[in-house]
Amino acid sequence: MSTWLAGLAGFTSGVALLLALGLLTLWRRVALPLDAQIGGLVMLGGLSWTSWRHLALAQLTSDQSLPWDYPAVLLAQSLGFYLLLLGVLDLRSARWRLWLPPLLLSAMVYALAPVQAQVPLAMLLGSAYAMHLGWRLWQLRRWRRWFRLELPIIALFAGMGLLVASAGVLTPGWIGWSSFTLLYSAQIAIGFALMGILIVAAPDVVEKTREAVAASQPSSALSRVDVEAAAARVRRALDEDGVYRDERLTLAKLASLVDLSTHQLSALLNGHFGLSFAQLLRRHRVQAARRMLVEEPGASVLSVGMAVGFASQSTFYVAFKDEVGLVPGEFRRQALGASAD
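A few points on the structure. Values in this document were obtained by computation on a predicted structure and should not be read as measured data. (Residues numbered from 1 in each chain as written. Predicted model: local features only at pLDDT ≥ 70, side-chain atom pairs only at ≥ 80, totals over all residues. Heavy atoms only, no water.)

## Considering the overall build of the chain
We count it as follows: Put simply, DSSP H or I for four residues or longer makes a helix, DSSP E for two residues or longer makes a strand, and each gets a number counted from the N terminus. Here's how the labels work: a residue is buried when its accessible area is under 20% of the maximum for its type, exposed when over 50%, partly exposed in between, all with a 1.4 Å probe on protein chains only. Accessible areas in this description were obtained via Shrake-Rupley with a 1.4 Å probe; residue shielding takes into account the shown protein chains only.
Across its full length, the chain holds 16 helices and zero strands. By residue count, 48% of the 341 residues in the chain fall in the buried class. Total accessible area on the chain stands at roughly 16700 Å², and carbon and sulfur atoms take up 63% of it.

## A short note on helix α10 (residues 227-240)
For an α-helix, 3.6 residues make a turn, and residues three or four places apart therefore share a direction. We count it as follows: To estimate the expected span of a helix, subtract one from its residue number and multiply by 1.5 Å. By construction, the arc corresponds to the directions joining the helix axis to the C-beta atoms. Every residue pair with non-hydrogen atoms within 4.5 Å of one another is taken to be in contact.
Relative to the 20 Å expected for 14 residues at 1.5 Å per residue, α10 spans 19 Å between its end C-alpha atoms, a close match to the ideal helical length. Listing the buried residues of α10 in full gives Ala-230, Ala-231, Val-234, Ala-237 and Leu-238. The arc enclosing the buried residues of α10, seen along the axis, measures out at 125 degrees, which places them on a common side. Away from its buried face, by an angle of more than 90 degrees, α10 presents the exposed residues Glu-228, Asp-239 and Glu-240. Those residues of α10 hidden inside the fold are in contact with α11 (251-257), α12 (262-273) and α13 (277-295).

## Re the packing of aromatic side chains
Two aromatic rings are characterised by how far apart their centres lie and by the angle between their planes. Our working rule: When two rings of Phe, Tyr or Trp (its six-membered ring) have centres within 6.5 Å they constitute a pair, described as stacked for plane angles under 30 degrees, edge-to-face for angles over 60, and tilted for the intermediate range.
The full count for this structure, using the stated rule, is seven aromatic pairs. With a centroid separation of 6.2 Å and 45 degrees between ring planes, the pair formed by Phe-180 and Tyr-184 is classed as tilted. Residue Phe-180 and its partner Tyr-184 are both found in helix α7 (residues 177-201); the two are separated by four residues, about one turn of the helix. Relative accessible area serves as the criterion here: at 1%, Phe-180 is assigned to the buried category.

## Some points on the pattern of salt bridges
Close approach of charged atoms allows side chains with opposite charge to pair. Our working rule: Between Lys or Arg on one side and Asp or Glu on the other, a salt bridge is scored when a side-chain nitrogen of the former is within 4 Å of a carboxyl oxygen of the latter.
Taken as a whole, this structure holds six salt bridges when the rule is applied. With a closest N to O distance of 3.7 Å, Arg-283 and Glu-323 form a salt bridge. Taken together, the residues Arg-283 in helix α13 and Glu-323 in helix α15 (residues 313-324) connect sequence positions 40 residues apart. Arg-283 sits in the partly exposed class, given a relative accessible area of 35%. The network of salt bridges with shared partners includes Arg-282, Arg-283, Asp-322 and Glu-323.

## Looking at the environment of Gly-80
Following the sequence through the fold, Gly-80 ends up in helix α3 (residues 69-89). Among the residues examined, Gly-80 registers a relative accessible area of 3% and is labelled buried. Counting along the chain gives 41 residues from Gly-80 to Gly-39, while the straight-line C-alpha distance between them is 3.7 Å. If we skip the residues at most four places from it in the chain, Gly-80 touches Gly-39, Gly-40 and Met-43.

By themselves, these observations are geometric and do not establish any function.
So this is what it looks like as structure tokens:
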């Protein structure tokens, strides 16, 4: 048992460290608010600590009481999870009204509930947070197709929390502490693996989620913005400065160039241009590629795609065919044939 718990704790700690580094470095480009970053670190640190704490808890007998620090960390990590996802959703308006009630509820559970009841209650709170945020994502399904991937994962997180909560109710009367700790440690490791899968499958998940939120609330995001002037800055950055050629261009980077927040830029693109950031970027890159394919017939198709900002030949081919209806080589042949005629 100890070997399994130690192995799961080691895996969890390693993944937690990688995710923490990503939270502090890679995700800076999407400007997660401070409370979301703190929440994410609390969640990651709490889950890692919990996994190692299970090595000692597995030795408890049914007549021994649960240490006070264990439920406290469970409540903290559930709240951290909630704060992190609020920041990912970029719910800037009245955020305090969203995280203050869970904070007070967690404090009440810890202060008033018996120690033995705090474990299942903490897990139930975590499941409730996941279901609440899942519902908010479901409301954005019109603007974000990728939610078909994110929603099942969040639903699975909620289900895992309910499973551990049920096990907590049955511990230690029906289920021994060793079985409970093994179940929960395995759930934590699975949860971290799912987070890794989500990040690999949708590396731009934070940007795309925020874009969907902004698209659903364009009027509030642009209430203090000169829309025409902001739209002109966006056109200048794309048409004159050619920033679309930067293959690492992100929503946050373009927003800083045109003096807007990511929330405002998403709302502007969707409300004024009628396109998402990804669609607008793809359109400019394909238009530039069409010109280069004709004007520079000696350039290879791959070099053209890379020159206009595509990161790979496959993404270039897919985007070009979606926009034009032909693959780049066929388009060039037809265009140059028509010019010769």
